Amino acid sequence: MHFKFLSSACLWCALCGVASASEGGLDVASNGYVILCAVLVIMMSVPGIGLFYGGLVRTKNSLSVLAQCLMVFAICYILWVVAGYTLAFGGTDNALGSFVGPLDKIFLSGVSPDSLSGSLSEYTFITFQGAFCAISSCLIVGALVERVKFSALCVGIGLWALLSYVPLAHMVWGGGIIDAVFQPYDFAGGDVVHVNAAVGGLVGALLLGRRQDLDKVSLAPHNLSLTYIGTGLLYLGWFGFNAGSALIADGSSAIAFLNTVICPAAGALAWAGIELKLNGKASTLGMCSGVLAGLVAITPACAFVGPMGAVVIGIAASAVCVWGVRGFKRLTGVDDSLDVFGIHGLGAIVGSVLTGVFCAPALGGVGFKGDYTSVLGQVYGQSMATLCSIIWSAVASLIAFKLAALLCGGLRVSSEQEREGLDLTAHGERAYNY
């Protein structure tokens, strides 16, 4: 994440009739900006990802997906304020400082309305970062739907947030070992959010096993209109996700905002074009998937590459993710139900690697980071950071879901419950009464 705190009068302040604080104090304009961005990121989880996923499953499981996303959001936000924040952003002055921060702010101890994080209220920073933890955790739901036990999902993803998300946030954004050693660019969470969640989903799906109806009956989405609405909410919320990560309304947030518009647009066009070539028709689901692939891929790059670089990243990510949802499942045999790894994992890998290319000044980017002086060096740093994220997430996710299975009597519902649908068997409800 790009941390940049400036204390200067801005257009937004002038329009609101408010002056920024003096150097070293609370910048009320930036604070208000990040609060609004936090609202947008929270909207991505509730209701954005819930509707996106909910429309893709069968009718008998649609409410269960909404319930799962809501509960995961709630659990992980509480865990964030209890311990996640201090472990992720508490500094490096402790024995394990390369991997996690100290526990000096556990239960938000010592944080008050007067506490500052740079020029923001610390409460604002906590809220914004908690929204990232929550949406990352909700992404995993899509890999496990239609056969996961509700209690096991809640426990497993809660443990994943503490064992995988929090340490990776520290290692990449909080001064930890990945940033120190490999110096990657990750503006808003290519590795921390998307690669991390995608690997968690893949591990969970592998442990759960395939749905019993897979390849036997139609598993077509029951309501693509809901998925389209979810896509729109995610697209809108992503502006808070990416542009908000500048933590101030400045030039970095402006280019992040623009790139977050055009990269998904390029992704949608590319996916539609590929489908026209392969199938003779461009599907609504394909265009929504292209938007999502572009949003994921631009996340690490959005403030570091120029607009034309963003267009290329969107096209490349869409092409790779088309294979991700078509070929990856056949290659691995893992029933990643809603293609979390195929889009979030592969899209983020493409975006992270290409950040190292298009950050080059000759290609319209901001330049290389730290000790790197060439595209080859920066691509190496990006690739190694992504590889470390994959390995860490895989190990942490395996531990989290194994513990959840032990604590909850297994990860999976019974065959009878799976056939009847999780709406009724887990929640006693129906999405549609007809």
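In this text, all values refer to a predicted model and were calculated from it rather than measured experimentally.

J.: I keep staring at the packing of helix 2 (residues 28-54) against helix 3 (residues 62-89) and nothing clicks. Help me out?
T.: To describe two helices that pack against each other, one gives the angle between their axes and the distance between the axes. In the contact formed by helix 2 and helix 3, the axes pass within 8 Å of each other and the chain directions differ by 155 degrees. Put simply, helix 2 runs roughly antiparallel to helix 3. Read as a crossing pair, helix 2 and helix 3 show a hand that is right-handed. Only Ser62, Val65, Leu66, Cys69, Leu70, Phe73 and Tyr77 of helix 3 make contact with helix 2, whose side of the interface consists of Ile42, Ser45, Val46, Ile49, Gly50, Leu51, Tyr53 and Gly54.

J.: Just to check I follow, could you spell out the packing of aromatic side chains for this structure?
T.: Aromatic ring pairs are described here by two measures, namely the spacing of the ring centres and the angle between the planes. One pass over the full model with this rule turns up 21 aromatic pairs. Geometrically, the ring pair formed by Trp80 and Phe89 is edge-to-face, given 6.2 Å between the ring centres and 75 degrees between the ring planes. Accessibility assignment for this pair places Trp80 and Phe89 in one class, buried. With centroids separated by 5.4 Å and ring planes inclined at 80 degrees, the aromatic side chains of Phe187 and Phe304 adopt a geometry described as edge-to-face. In this pair, Phe187 is assigned in the loop between helix 6 (177-182) and helix 7 (190-208) and Phe304 in the loop between helix 10 (284-298) and helix 11 (307-332), connecting sequence segments 117 residues apart. The class of Phe187 is buried, set by a relative accessible area of 0%. Taken together, Trp80, Tyr85, Phe89, Phe125, Trp160 and Tyr165 form an aromatic cluster joined through their ring pairs.

J.: Explain helix 5 (residues 150-173) here, please?
T.: At Ala161, helix 5 shows its maximal bend, which comes to roughly 35 degrees. Helix 5 sits mainly inside the fold: 18 of its 24 residues count as buried. Of the residues one or two after helix 5, Gly175 is the one with positive phi, at around 90 degrees.

About the criteria used
- Residues numbered from 1 in each chain as written.
- Predicted model: local features only at pLDDT ≥ 70, side-chain atom pairs only at ≥ 80, totals over all residues.
- Heavy atoms only, no water.
- Axes fitted to C-alpha atoms, helices over the stretch in contact; angles between N-to-C directions.
- Helix = DSSP H or I, 4+ residues; strand = E, 2+ residues; numbered from the N terminus.
- Parallel < 35°, antiparallel > 145°, perpendicular 65-115°, else oblique.
- Left-handed = near helix turned anticlockwise from the far one by under 90°.
- Contact = heavy atoms within 4.5 Å.
- Phe/Tyr/Trp six-rings, centres within 6.5 Å; stacked < 30°, edge-to-face > 60°.
- Buried < 20%, exposed > 50% of the residue type's maximum accessible area, 1.4 Å probe, protein only.
- Bend = angle between axes of the 7 residues up to and from the residue.

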